[in-house]
Every structure is written in structure tokens, then in C-alpha cells.
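Given next are the chains, with one letter for each unit.
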Amino acid sequence: MAGTVKNYYAGGNTAKGFHNLFDSNLKDLERLFILKGGPGTGKSFLMKKIGEEWLDKGFNIEYIHCASDNNSIDGVIIRDLQVGIVDGTAPHVIEPKVPGAVEEYVNLGDAWDSKKLAFHKDEIVKLSRQISDSFQTAYSLFAEGLKIHDEWEVCYIKNMDFVAANKLTEELIEQFFGGVSLNKKSDIIHRFLGAATPKGPVDFIQNLTADIENRYFLKGRPGSGKSTMLKKIAANAEKLGYDVEIYHCGFDPNSLDMVLFREIGVAIFDSTAPHEHFPDRESDIVVDMYTRTIKPGTDEKYADKINDIRERYSAKMKEATSYLAKAKELHDQLEHIYIAAMDFSTLDRKYEEINNEITSFAKIKEM
């Protein structure tokens, strides 16, 4: 029987620039292969192939998706074996902490013809600069979008009943944990729920909560306290010794969009745009922050202002996304240059070497 797949992001194109949460997801691995090499050298292909191989063997697989390319991954983890493979090139440069003993560099640059690449040097330099410029423009536009979003939040924060918000949070904490301590140290993992990608916002809520029995859908408006609530619930869980998966907002990494407590089968997440989902199981519960915490009539009172803010925010996000798409288009051009200079038989050999090492490691774990 094949294993299961979890999909998430550990890096994101955010209003704060590129934000990296890789360390949190790699911290407990006993073996980590760090792939080095330029675009088009087959890093994502190799990792997907390893993932499929071990998924078919019945192992659970985690795919770390690439926020800058919807068809690529940045890493694969076989959590049962505590083994992982990651793309260690910019912008998510990963430095080994125990070189050789835990982490090992795998240089896919061995597979390219440097003379062919040297012939395209000027084009490579130009494309690389244009890609960097496109990302920086996107980040700047996302930052402007966040400022507009802050205007949106103010409309509701000014009309928020903080006593009611605290009461609702306390009710959920009691409902989830009942004050029961597990008398152990919590394992806390930080990830991104979704990401701003060249094709727009993407999330993996349905996949990540597929085996969670009790799902709480947070509905509300910007500034209605969803992220603050999630932070308080996560902090309480950590204090009581529960393991917590903390999922940050792919737009504003300082905000939270979801927390999972797999030990008790609970997921609670922001279920508003751009990651809007609706209950489809009998056990699903909607928590409406607007009706519980915001003064009635606020939507109507600020309707004109909110419509203006929404239009400006949407336009800014679309513009930022267009620059992510431009960066992807330029990156594809760069990949073609490298692909033409690659000896893919070398890549096949690297795959076999890594897969054989994982097989040997799995046999040791069985002993």
C-alpha cells in the first residue's frame, strides 16, 4: 500500500521579501542531502522521483513546494526515516550544521558542460539580473499591498469588542485542551499554509487537514482577530505540551493562517479569501469572528471606504503577481540554457547514489 503525501511551503514570496522557514522542517532529520546546481539541472525532477519511489514503498512523504514555480518542489522529506533532500540554492540557501555526519552536498553542476555555459555567459548574467529585479519589484508591490490591507483592518479594529474576542479564544482553548497537560516538551513546526505564486495564491488546506477529524473554519474580516486568536491558541498548546504545526500567512509572515494539533485531531484556520474554503463534513465547525467580535453594521457603515480599499488592494496584488509570472518566464529561459548544457546520464547516476544511500539508511533503521 502506498503512503500518504503532505504538501506545504517552507519559503514564500511575501510583503517582507523572500521568507524562509526551512530550518524548522529540517531540524530533526538524521540525513539530509543538499542539492547544488543551477536552474534546469534537474533538482526538482530528482526529488520528485525519490518521493514517488518511497511513496510506492508505503512511506509517508512530505513535498515542500516552490513558491516561485508551481510545477517544482524545493524539497522532499521521508519523515518515517528522518531523511530529506532539499534544493540548497538561492534564495533558500541551506548551510550544513553537521557536515558529512548529517548533511551532504550533492553537486549537480558536475553534469553540465561549462564550455557551453561560458558561451552564453552574457545572456545568463542578463537573465539572472532581470529575474532578481522582477522579484524585488514583486516584493515592493506586496509591501504596498500590505499597507493597503492595514487600512482595511483599521475599519474593523476600531469596531472590535476585544472582551468578546478574548472570551471566544478562551472558549476554544478550553474546548480543545480542557486544561489537560501532556507533561512533555512540545514539538513546534513552522510552515506556510500557502504562497503567492506566478499563478496567484495557492494553498494546501484540504490536503493538510485531510486526516484531521475536527476542523474549525474561521470566518471574518481583515482585523477581526483571526491571527491573534491562532497565536494565543498555539501558545497555550505549547505551554500544555501539545505538538503544534504553525502555518504562517504567505503574504504577511508575521500573521498566522492555521494551527494544527494532530494529537487531538484539531485544525483551526483562517478560511477567508484568498484561501476561502467551506465546510463539507458533518464534523466541520464555522467560527464567525465578525458576528462574535465586530460591532453590528460595521460593513454597512464603511461600505464605500471598504470597496475602495478592496479595489486598490486587489489591483496591487495582481500587479505583484504579474512580476512573479515575469520572473518565472525569465527563469524558464535561463533553464533552457542550462538544460542544453546538461548530461542527464550524470543526473541518473546521482539519483541512484542518493536512493541507494536512503535504502541503506532504511535498513539500518530497521535493525
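Since this is a predicted model, take the numbers as computed values, not measurements.

Draft legend 1. Geometry of the environment of Met 342. Within the secondary structure layout, Met 342 lies in the loop between α10 (303-340) and α11 (344-366). Along the backbone, Met 342 and Trp 112 are 230 residues apart, and their C-alpha atoms lie at a distance of 4.3 Å. Excluding anything up to four places from it in sequence, Met 342 contacts Gly 40, Thr 41, Leu 108, Ala 111 and Trp 112.

Draft legend 2. View of the side chain of His 92. Secondary-structure assignment places His 92 in the loop between β7 (83-87) and β8 (103-107). At a separation of 2.9 Å, a polar atom in the side chain of His 92 contacts the main-chain carbonyl oxygen of Asp 87.

Draft legend 3. Highlighting unusual backbone geometry. Following Ala 90, the chain continues into Pro 91 via a peptide bond in cis, with omega recorded as 10°. Within the secondary structure, Pro 91 is located in the loop between β7 and β8. Cis rather than trans, the peptide bond between Ala 273 and Pro 274 has omega equal to 10°. Position of Pro 274 relative to the elements: it lies in the loop between β15 (266-270) and β16 (285-288). Even without being a glycine, Asn 183 presents a positive backbone phi close to 55°. Here Asn 183 lies in the loop between α5 (162-177) and β9 (188-192).

Draft legend 4. Summary view of the nonpolar core. Among the nonpolar cores identified, the biggest contains 35 residues, and Phe 142, Tyr 156 and Phe 251 are the most heavily contacted of them. Secondary-structure elements contributing two or more residues to this core are α4 (121-157) and α10. Contact partners of Tyr 156, with chain neighbours within four places excluded, come to Arg 221, Pro 222, Gly 223, Tyr 290, Ile 294, Thr 298, Asp 299 and Ile 306. Within the second largest apolar cluster, 27 residues are counted, among which are Leu 21, Ile 34, Ala 267 and Phe 269.

Draft legend 5. Examining the packing of helix α2 (residues 43-56) against α11 more closely. Contact geometry for α2 and α11: axes closest at 11 Å, N-to-C directions at 40°. Seen along the crossing, α2 lies across α11 with a hand that is right-handed. Taking contact as the criterion, the partners of Phe 45, Leu 46, Lys 49, Ile 50, Glu 53 and Trp 54 in α2 are, on α11, Leu 347, Lys 350, Tyr 351, Ile 354, Asn 355, Ile 358, Thr 359 and Ala 362.

Draft legend 6. Layout of the pattern of salt bridges. Throughout the structure, instances matching the rule amount to 22 salt bridges. A salt bridge links Glu 104 to Arg 31, with the nearest nitrogen and oxygen atoms 2.6 Å apart. Here Arg 31 lies in strand β4 (residues 31-36) and Glu 104 lies in strand β8, a separation of 73 residues in the sequence. The class of Arg 31 is buried, set by a relative accessible area of 12%. The salt bridge involving Lys 184 is made with Asp 243; its shortest N-O contact spans 2.9 Å. Of this pair, Lys 184 sits in the loop between α5 and β9 while Asp 243 sits in the loop between α7 (226-240) and β13 (244-248), and the two are 59 residues apart along the sequence. A relative accessible area of 36% means that Lys 184 is categorised as partly exposed. What makes Asp 243 partly exposed here is its relative accessible area of 27%. Where salt bridges share partners, they join Glu 62, Arg 79, Arg 191, Asp 211, Glu 245 and Arg 262 into one cluster.

Draft legend 7. Quick look at empty space enclosed by the protein. Evaluated as defined, the whole model comprises one cavity of 30 Å³ or more. Of the volumes computed, that of the largest cavity is approximately 30 Å³. Around the largest cavity, the lining residues are Phe 45, Leu 46, Lys 49, Leu 347, Asp 348 and Tyr 351. Those elements that provide at least two residues to the lining of the largest cavity are α2 and α11.

Draft legend 8. Region of interest: the environment of Ala 90. Take Ala 90: it is sitting in the loop between β7 and β8. Relative accessible area serves as the criterion here: at 62%, Ala 90 is assigned to the exposed category. In this structure, the C-alpha to C-alpha distance between Ala 90 and Cys 249, residues 159 residues apart in sequence, is 21 Å.

Rules used in this analysis
Residues numbered from 1 in each chain as written. Predicted model: local features only at pLDDT ≥ 70, side-chain atom pairs only at ≥ 80, totals over all residues. Heavy atoms only, no water. Helix = DSSP H or I, 4+ residues; strand = E, 2+ residues; numbered from the N terminus. Contact = heavy atoms within 4.5 Å. Polar contact = N/O pair within 3.5 Å; in protein donor to acceptor, adjacent residues only side chain to side chain. Core = buried A, V, L, I, M, F, W, Y, C linked by side-chain atoms within 4.5 Å. Buried < 20%, exposed > 50% of the residue type's maximum accessible area, 1.4 Å probe, protein only. Axes fitted to C-alpha atoms, helices over the stretch in contact; angles between N-to-C directions. Left-handed = near helix turned anticlockwise from the far one by under 90°. Salt bridge = Lys/Arg side-chain N within 4 Å of Asp/Glu carboxyl O. 1 Å grid on protein atoms, 1.4 Å probe; cavity = no way out; pocket = protein on both sides within 12 Å on 5 of 7 lines; lining within 4 Å. Points joined across faces, edges and corners; volume = space filled by probe spheres on them.

Take it as geometry only, folks, not as evidence of what the structure does.
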